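Each chain, letter by letter, is given below.
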Amino acid sequence: MAVEAISPDWEFDRFDDGSQKIHTEVQLKNYGKFLEEYTSQLKGIEEALDDTIGDVWDFTLDPIALQLVPHEQSSLLELIKTENKVLNKVITVYAALCSEVKKLKYEAENKFYNGLLYYGEGASDTSVVEGESQIQMGRFISFLQELSCFVSRCFEVVVNIVHQLAALYNSNKGATKIIESTGVHFQTVYEHLGELLVVLITLDEIMENHTTLRDHWKMYKRLLKSVHHNPSKFAISEEKLKPFEKLLLKLEGQLLDGMIFQACVDQRFDDPGEGVSVSKNTSFAEEFGQNIRTIFANVESKLGEPSEIDQRDKYAGVSGLFVLHFHIFRTVDKKLYKSLLDVCKKVPAVTLTANIIWFPDAFLINKVPPAAKLMDKKSLQNIRLHRDTFLQQKAQSLTKDVQSYYVFVTSWMMKMESILSKEQRPEKLAEDLSSRCNVFVQGILYAYSLSTIIKTTMNMYMSLQRPMTKTSVKALCRLVELLKAVEHTFHRRSMVVADSVSHITQQLQSQALTAIAHAKKRVISDKKYSEQRLDVLSALVLAENTLNGPSTKERRLVVSLALSVGTQMKTFRDEELLPLQLVLKKLDLISELRERVKIQCDCSFLYWHRAVFPIYLDDVYDHAVDAARIHYTFSALRDSVPTMMHAKHMDSCDQLLESYDAEIMEVFKEHLLDKLCKEIEKDLRLSVHRHLKLDDRNPFKVGLKDLAHFFTLKPIRFFNRFIDIKAYVTHYLDKTFYNLTTVALHDWATYSEMRNLATQRYGLMMTEAHLPSQTLEQGLDVLEIMRNIHVFVSRYNYNLNNQIFIEKTSNNKHLNTINIRHIANSIRTHGTGIMNTTVNFTYQFLRKKFYIFSQFMYDEHIKSRLIKDIRFFRETKDESDQKYPFERAEKFNRGIRKLGITPEGQSYLDQFRQLISQIGNAMGYVRMIRSGGLHCCSSAIRFVPDLEDIVNFEELVTEEGLSKETQKAASLLDAVLGDLTSNSAEGTEYFKMLVGVFAPEFRSVKNMHLRNFYMIVPPLTVNFVEHSIGCKEKLNKKNKGGAAFTDDGFAMGVAYILKLLDQYQEFDSLHWFQAVRDKYVKEMNAVVKEQNVQATSQDEKLMQTMNLTQKRLDIYLQEFELLYFSLSSARIFFRADKTAAEEIQEKKDREVFFRGNAASSTEATASESSSK
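What counts and what doesn't
- In this convention, every chain numbers its residues from 1, walking through the sequence in written order.
- For this predicted model, a pLDDT threshold of at least 70 governs which residues receive local features, and a threshold of 80 or more governs which side-chain atom pairs are given and counted, while totals over whole chains, interfaces and linings are taken from all residues.
- Side-chain descriptors were evaluated using all non-hydrogen atoms of the structure, hydrogens and water having been removed beforehand.
- For helices the rule is a DSSP run of H or I covering at least 4 residues; for strands it is a run of E covering at least 2, with both sets numbered from the N terminus onward.
- This radius of gyration counts C-alpha atoms alone. The globule rule is 2.2 Å times how many residues there are, raised to the power 0.38.
- The cut-offs for exposure are 20% and 50% of the maximum accessible area for each residue type, with area from a 1.4 Å probe on protein chains only; residues under the lower value are buried, those over the upper are exposed, and the others partly exposed.
- Pairs of residues are marked as contacts when any of their non-hydrogen atoms sit within 4.5 Å.
- Stacked, edge-to-face and tilted labels apply to pairs of Phe, Tyr and Trp rings (six-membered ring for Trp) whose centres lie within 6.5 Å, assigned for plane angles under 30 degrees, over 60, and everything in between, in that order.
- Comment: the charge-over-ring label is applied if NZ (Lys) or CZ (Arg) is within 6 Å of the ring centre and within 35 degrees of the ring normal.
- Only buried Ala, Val, Leu, Ile, Met, Phe, Trp, Tyr and Cys residues count toward a nonpolar core, and they belong to the same one when joined by side-chain atoms within 4.5 Å.
- All domain edges in this entry derive from an automatic or database-based domain assignment.
- Strand pairing is assigned whenever DSSP detects at least two bridges linking the two strands.
- Residues enter patches when they are more than 30% accessible in relative terms and free of salt bridges; like-charged ones are connected within 9 Å and nonpolar ones (Val, Leu, Ile, Met, Phe, Trp, Tyr) within 5 Å.
- Computed with the Shrake-Rupley method and a 1.4 Å probe, the accessible areas treat only the protein chains shown as cover for residues.
- A carboxyl oxygen of Asp or Glu within 4 Å of a side-chain nitrogen of Lys or Arg is what we treat as a salt bridge.
- On a range of 0 to 100, pLDDT expresses the predictor's confidence in each residue.
- The convention is simple: Lys and Arg are positive, Asp and Glu are negative, and His and the chain ends are not counted.
- Here the site of a charge means NZ on Lys, CZ on Arg, CG on Asp, or CD on Glu.
- Here an angle of 0 to 180 degrees is reported between the N-to-C directions of two axes, which are lines fitted to C-alpha atoms, with helices fitted over the stretch in contact.
- The cut-offs work like this: below 35 degrees is roughly parallel, past 145 is roughly antiparallel, 65 to 115 is roughly perpendicular, and the gaps in between are oblique.
- Crossings are classed by handedness, with left-handed meaning an anticlockwise turn of the near helix from the far one by less than a right angle and right-handed meaning a clockwise turn.
- Note on residue categories: nonpolar means Ala, Val, Leu, Ile, Met, Phe, Trp, Tyr, Cys or Pro, charged means Asp, Glu, Lys or Arg, and polar means any other residue, Gly included.
- The arc in question is formed by the directions pointing from the helix axis toward the C-beta atoms.
- Here, a disulfide means two cysteine sulfur atoms that sit within 2.5 Å of each other.

(A) Fine view of the overall build of the protein chain. A count of helical and extended segments in the protein chain gives 45 helices and seven strands. For the protein chain, the C-alpha radius of gyration of 52 Å lies well beyond 32 Å, the compact-globule estimate for 1172 residues. With respect to the principal axes defined by its C-alpha atoms, the protein chain has extents near 165 × 100 × 80 Å. When each of the 1172 residues of the protein chain is scored for burial, the buried share is 45%. Sequence-distant contacts, at least 24 apart, represent 79% of the contacts inside the protein chain between residues at least 6 apart.

(B) Highlighting the packing of aromatic side chains. Enumeration according to the criterion identifies 61 aromatic pairs in this entry. Between the NZ or CZ atom of R387 and the centre of the ring of F359, over which it lies, the distance is 3.9 Å. Of note, R1077 hangs over the ring of Y1124, and the distance from its end group to the ring centre comes to 5.7 Å.

(C) Seen up close, the nonpolar core. Counting residues in each nonpolar core, the largest one holds 233 residues, and the members touching the most others are F186, F668, F710 and I725. Broken down by element, the residue count for this core peaks at 18 residues, all from helix α5 (residues 132-168). Domain assignment of the residues forming this core places at least three in each of domain 1 (76-601) and domain 2 (609-762). Excluding its chain neighbours within four sequence positions, the residues that come into contact with F710 are V620, Y621, A624, A627, L672, L676 and I725. If you look at the next biggest cluster of nonpolar residues, it comprises 91 residues, including L800, F853, F856 and L1117.

(D) Representation of the pairing of strand β1 (residues 350-353) in the model. Here β1 runs beside strand β2 (residues 356-358); their pairing, made up of three bridges, is antiparallel. The partner of T351 across the bridge, within β2, is I357. The loop that links β1 with its antiparallel partner β2 comprises two residues; one of these, A354, has a positive phi angle of about 45°.

(E) Spatial organisation of the sheet that holds strand β7 (residues 817-818). In space, the three strands of this open sheet follow the order β5-β6-β7, with antiparallel pairing throughout. Strands with a single pairing partner mark the edges of an open sheet, and in this sheet they are β5 (796-799) and β7. Pairing between β5 and strand β6 (residues 804-807): four bridges, direction antiparallel. When the sheet's bridge partners are listed, N797 is paired in β6 with I806.

(F) Structural view of the domain arrangement of the protein chain. The domains assigned to the protein chain are domain 1 (76-601), domain 2 (609-762) and domain 3 (782-1138). Taken over C-alpha atoms, the centre of domain 2 sits 57 Å from the centre of domain 3.

(G) Just the environment of V997, in detail. Relative to the helices and strands, V997 resides in helix α39 (residues 990-1003). Under the relative-accessibility criterion, V997 is labelled partly exposed at 41%. Each C-alpha atom of the pair V997 and L1060 lies 9.4 Å from the other, and the pair is 63 residues apart in sequence.

(H) Region of the structure containing a nonpolar patch on the surface. Together, Y31, F34, L35, Y38, L42 and I45 give the surface a local cluster of nonpolar side chains, amounting to about 600 Å² of exposed area. Within the secondary structure, Y38 sits in helix α2 (residues 19-49).

(I) Expanded view of the confidence of the model for the protein chain. Chain-level pLDDT for the protein chain is 85 on average; 91% of the residues reach the 70-or-more range. Summarising per-element confidence for the protein chain, the mean pLDDT is lowest in helix α1 (residues 8-13) (46) and highest in helix α6 (residues 187-209) (95). Counting contacts from residues 1-13, a segment whose pLDDT is below 50, to residues more than four positions away or on other chains yields one contact. Segment residues 51-56 is flagged for pLDDT under 50; beyond a separation of four residues in sequence, or across chains, it makes eight contacts in the model.

(J) Inspection of a positive patch on the surface at higher detail. Among the surface-exposed residues, K868, R871, K891 and K898 lie close enough to one another that they form a single positively charged patch. Checked against the element boundaries, K898 lands in the loop between α35 (886-897) and α36 (908-941).

(K) Structural context of the packing of helix α26 (residues 653-688) against helix α28 (residues 725-743). Running from N to C, α26 and α28 cross one another at 55°; their axes reach a closest spacing of 10 Å. Here α26 lies oblique to α28, going by the angle between them. Where α26 crosses over α28, the two elements pack in a sense that is right-handed. Each of F668, K669, L672, L673, D674, L676, C677, K678, I680, E681, L684 and R685 in α26 lies in contact with α28, whose residues at this interface are I725, Y728, V729, Y732, L733, T736, F737 and L740. Residues of the contact of α26 with α28, tallied by class, amount to 14 nonpolar, one polar and five charged.

(L) Spatial organisation of the pattern of salt bridges. Under the defined criterion, the tally for this structure stands at 46 salt bridges. The salt bridge partner of D342 is K338, with a shortest N-O separation of 3.7 Å. Linking D342 with K338, this pair stays in helix α12 (residues 334-346), spanning four residues, or about one helical turn. Judged by its relative accessible area of 43%, K338 falls in the partly exposed class. For R492, the salt bridge identified is with E417, shortest N-O distance 2.9 Å. Separated by 75 residues along the polypeptide, R492 in helix α17 (residues 470-492) and E417 in helix α15 (residues 377-421) bring together distant segments of the chain. When its relative accessible area of 28% is taken as the criterion, R492 is described as partly exposed. When salt bridges that share partners are traced, they join R478, E481, D619, D626 and R629 into one network.

(M) Spotlight on unusual backbone geometry. In this structure, F719 is a non-glycine residue whose phi angle is positive, near 55°. Mapped onto the secondary structure, F719 falls in the loop between β3 (716-718) and β4 (721-723). Its identity as a non-glycine residue notwithstanding, H1071 has a phi of 45°, on the positive side. When you line up the elements, H1071 lands in the loop between α42 (1064-1069) and α43 (1072-1094).

(N) Fine view of helix α13 (residues 360-367). Judged by how many residues are buried, α13 sits mostly within the fold: six of eight residues are covered. Regarding α13, the residues found buried are P360, D361, F363, L364, I365 and K367.

(O) Quick look at the pairing of β5. Taking every second residue as pointing to the same face, both faces of β5 are buried, with Y796 and Y798 on one and N797 and N799 on the other. Turn length for the β5-β6 hairpin, with the two strands adjacent in sequence and antiparallel, is four residues, and the turn residue Q803 shows positive phi of about 50°.

(P) Representation of helix α22 (residues 593-600) in the model. By the burial criterion, the buried members of α22 are L593, R596, V597 and Q600. Seen end-on, α22 carries its buried residues on one side only, within an arc spanning 95°. Residues of α22 that are exposed and point more than 90 degrees away from the buried face comprise K598 and I599. Its buried side turned inward, α22 meets α16 (429-464), α17, α18 (494-525) and α21 (574-591).

(Q) The side chain of N1023, seen in detail. Tracing the chain through its elements places N1023 in helix α40 (residues 1013-1034). Taking relative accessible area as the criterion, N1023 reaches 4% and is therefore assigned buried. If sequence neighbours within four positions are ignored, N1023 has contacts with N893, S907, L909, D910 and R913.

(R) Quick look at the packing of helix α32 (residues 820-830) against α36. Close contact between α32 and α36 brings their axes to 8 Å; oriented N to C, the two are set at 65°. In this structure, α32 crosses over α36, and the sense of that crossing is right-handed. Together, I820, R821, I823, A824, I827 and R828 of α32 and Y925, M928, I929, S931, G932, G933, H935 and C936 of α36 make up the contact between the two elements. Grouping the constituent residues of the contact of α32 with α36 by class yields eight nonpolar, four polar and two charged.

(S) Structural detail: the state of the cysteines. Applying the stated criterion to the full structure yields zero disulfides. As a non-bridged cysteine, C154 has C264 as the owner of its nearest cysteine sulfur, 7.9 Å distant. Overall, the relative accessible area of 0% leaves C154 in the buried class.

Rendered as structure tokens:
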């Protein structure tokens, strides 16, 4: 039989034997035990891994946030339940209206204010494209339409509140009384109405101050006009255009003319159809005025006092209510009006939101003209002038304020830390909670005072367009830091604060309940019955019931409304009522602690004053000791981010955020990071180069700035990233040191020292550069030299023995060198094919140089002198022992100078010598290319075991039957190995090629003038030796311009040209170097002889002169000997031991020999085959 389903009714009313409850309790106990154990384990793990103190929360890392605000689950109808139905209805209506006002206010503050304020932001004036303004406004229209609906809703709520209050306080005797309202004052409702009027005033002020919005609106209207004239071009029908234009007109009239508040108070509040009379209702007028006066009395007493919290906002609300009262009833309370204006001396301006400031005197004069006329003009003018006086006084007292608030806030922070870190004592729980409550409230009061000073001062300076001094800016930034310090203190101890708040609210609720219970007893004990007494009792019961629950804003609102009824008929004594009101105020503050702190410490207004940021950063840089405060400022700048999310004029609010981020980061880099990098680098450089005579660095004279404080800072959070100052500076130094080391490798030691110093002095963990400490093996690239060979041969000197090129002069501290390894590396990079190309380029270069060479030799002056010298030598060679006279060569060298010299002081022979040196350098380069090629090939082939017997890989692969791709790879490998083997075996005879290509032309009949070359070699050598000695002497001088220790290019050039002209025998016939040797030996012997003669006379000066002469002769002889050796070495390259005729004969003999060998081998092969 199937079991029937149990009916839901029976399930609900089923008998409960209590077993389920016991079972639930056991499970809950077990679960609680498990949670405790788990929590302690987690705490243990956290303490083991983390270095921070348990309950302290870091503001920059906030993955989890606590929401302390309790939310009401019950509706107002469920909350407001008493036996008194009429009272229920009255309280419910007012509570619903007040809740509606709060919602509208929240929507305005978060959505509409920010949407309007940020309009036009995020695009710099320079980068705005034409038409962008209209596009922004086009995106914004829908937002304005939403704002229009919002404003209409506000108007309706204002009218409804006025109607509901007028219905309760009705002077019409014929009308039925809802409740006895004689002693009932719903002050809360009036305060809420004031708040709603302030919202409308704020919207007006935003519109009035927003020139960008109004300008863009005008542009948009003009655009619409052009669309109207040509709708087809914009693909819009005229039917759609007209309603849209009407909508724009409505929006402009309602919102943009700054008449929102005026339109609200000008509404018709009388509604005869509904039977509501407002303007003629004297009781309501009196009650309205009475409430304004009461609220104002409460506000005025607190304004400017340390206990001030939200009195300024209420002052704006009172002013709004006063204007509304005037517009409804057309009566003015002159005394109240004067009192309202007198407050302006104490509070000349009120910040409504962000950078929007409201001047109450201007508002009251404009909105209540009849009352303004009755006032003395001079007193009104004084109020206006008082603004400037107030601002000056504020600017003067700012520094003092900073000092006093610094002491207040730091001592409060210490109190917070000490109170919250103390263990709670069960026996003194009430005392602990009340002290905690007082400390929390004190924190909110400090936050409010600081926020008021900062906002009022900054916004007044901006509004009145007065310049702010640097001292004021620094002071205000200090106050911003203190404000954020208050917020951070609350946030850091979120866990303990959250725990305390729930206990404190319970304690305050119990105190309020006790007071209400006493009053209720008193009412019950009085046996006289009346409806009014019944209302009072019902109101007290309602307050009591509502307080028995979480402290939500709805419950607190109901309590406040209930007590407006419950406090009539003297139910509370004076000494009871004031403490109760204080307890309820504290309850309001503590219940909304987190929200209050957030609102008071919100620094989103700094977006409009970000011009102060550079000055602030300069101050932080100058006072590095307390650099940690920069965290607070970045936290304040970050407050603007949530408000920017409501910007509607761009495709995405990310564009606005990115531009803000970029702007702040640019300023931060310019005014702090880059300055810090440069200063640290400068300090390191000066410290490392202390051995040089630098500026005075005595800290007692020039002061000392310890920048190391910046590197102890934790990374700063901004947007979605962290700015690590230490990492930024480290990266900068690493990059700078690396780049500068690559440019000047000889400075590696200096930069290494600076790295170590940065680690020791500033704790920066630098990265090792890992650059070679001496030189890079690559050197100048072959391609570069090849392309600029004409520059290369003129700027470098050649050394024949070491096969190395050395740079003549350089702007750096070092000279570049090029050796075989460099060339080999270069050939390995580009491939061996580059060698032939290089030789080809050299050939082209030599062609040009030989053309100049030929012109010089053809010159009449040179040719005639050389022919003369040749004739002279032939005639006198028998007398001069077959030696060319040294004097003749020296005379030639000097005589050439008479033909003229260049601006640099060089003769034609000097230039000719340089030409020959350049030709020699080119040949030296060709030699180096060949050596480099052999070096490269031998390095590449060193892994081949036997060069004589290289395996054929292609044959082996084919035998194994591997794939075609493998066979192809094997054949390529064989080709490469063959190429390398042939290259490494001999290398190409480039010199032979370059001799072979030019020799026929040089030796031809048409170039007969070149045959005189051998005779110019002696004067050239004399010229060269003089030049060489001059260069070597410069090595020991401070100015080393033109210094050199080698120049074998000349010897190479002479050897090469003599070979081309086949004039080695002619040159050798001069016995030139033997003549030079004889000449210097003779002179030196003469000097020695003279020294021996003069030794007896002991003339010191003469002896010194002779010693110097001997030394000079020695040097000259040595230089000639070196040149002789270099020339002899160079001749070997060109096979100078044989003449051209001998070489031709040798070639013929070699050919005959090869032919004979070939014939004999053929015969041998034939005989072998026949025998087979």
